[in-house]
Amino acid sequence: MNSRIKWNSKHKERLNQQRPPEPNPRLKNLSAYLTGGRALDLACGLGGNSFFLTRLNYEVEAIDISEVAIHYIQEQVSRDNLTIHPKVCDLTELNNQHWRNQSFDLVVITYFLDRSLFPLVKNLVKEGGYFFMETFYQSPQTENQGVSNQYKLHPKELLTEFGDWKVHFFEEVDNESIQTIFCKKQ
């Protein structure tokens, strides 16, 4: 099954449960730093983070491979007149040309890992802007559970990758295999 079909199916199932998408709780806890501007929500899913950010005065570009997810966000944008610009896009096919001469105050990636996006993120976040990422990592406690190691960060990988940025928050939750970083480009 290809990624688009897989995620369309997952998002249809989530919409059938009729629960509104929620923002990432750790991102929500960092709201004191989130003062508006332009944001890019990569692998946005059903838009929980995008909806949260637009309420904090961000104009959001929401990108996902799933037409189902993007259509849902478009419906909410039309209904509530939100400053979100949803777009279907396969993130594995992005490059620096996609957002030529653009910069963002905030880039968010949750539960998606493609390491080739790291240079793109570093290029797109403006000086003084922020990057938030949370996804699975290779925790010794959950080594053989669920997600393939191909889609998991190495321990402290985000700290290493963004070590030249000012790190405001970093956490590895071993029992959940979750790694989170919130950092500022200097």
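Residues numbered from 1 in each chain as written. Predicted model: local features only at pLDDT ≥ 70, side-chain atom pairs only at ≥ 80, totals over all residues. Heavy atoms only, no water.

A. Structural detail: helix H1 (residues 3-16). Relative to the 20 Å expected for 14 residues at 1.5 Å per residue, H1 spans 20 Å between its end C-alpha atoms, a close match to the ideal helical length. In this structure Asn-2 caps H1, since a side-chain oxygen of it lies 3.0 Å from the backbone nitrogen of Arg-4. (Helix = DSSP H or I, 4+ residues; strand = E, 2+ residues; numbered from the N terminus. Expected span 1.5 Å × (residues − 1). Polar contact = N/O pair within 3.5 Å; in protein donor to acceptor, adjacent residues only side chain to side chain.)

B. Representation of the sheet that holds strand S4 (residues 104-110) in the model. Strand order across the open sheet formed by 7 strands is S3-S2-S1-S4-S5-S7-S6, with mixed pairing between neighbours. A strand with exactly one partner marks an edge of an open sheet, and here the two such strands are strand S3 (84-88) and strand S6 (166-173). Neighbour-to-neighbour, the strand axes of the sheet open up by a mean angle of 10°, direction not taken into account. Bridge count between strand S1 (residues 37-42) and S4: 4 bridges; the pairing is parallel. Following the sheet pairing, Asp-41 is matched in S4 by Val-108. Against the sheet, helix H3 (residues 48-55) contacts S1, strand S2 (58-64), S3 and S4, and its axis sits at roughly 170° relative to S2. (Pairing = 2+ DSSP bridges. Axes fitted to C-alpha atoms, helices over the stretch in contact; angles between N-to-C directions. Contact = heavy atoms within 4.5 Å.)

Shape is all these values report; function is a separate question.
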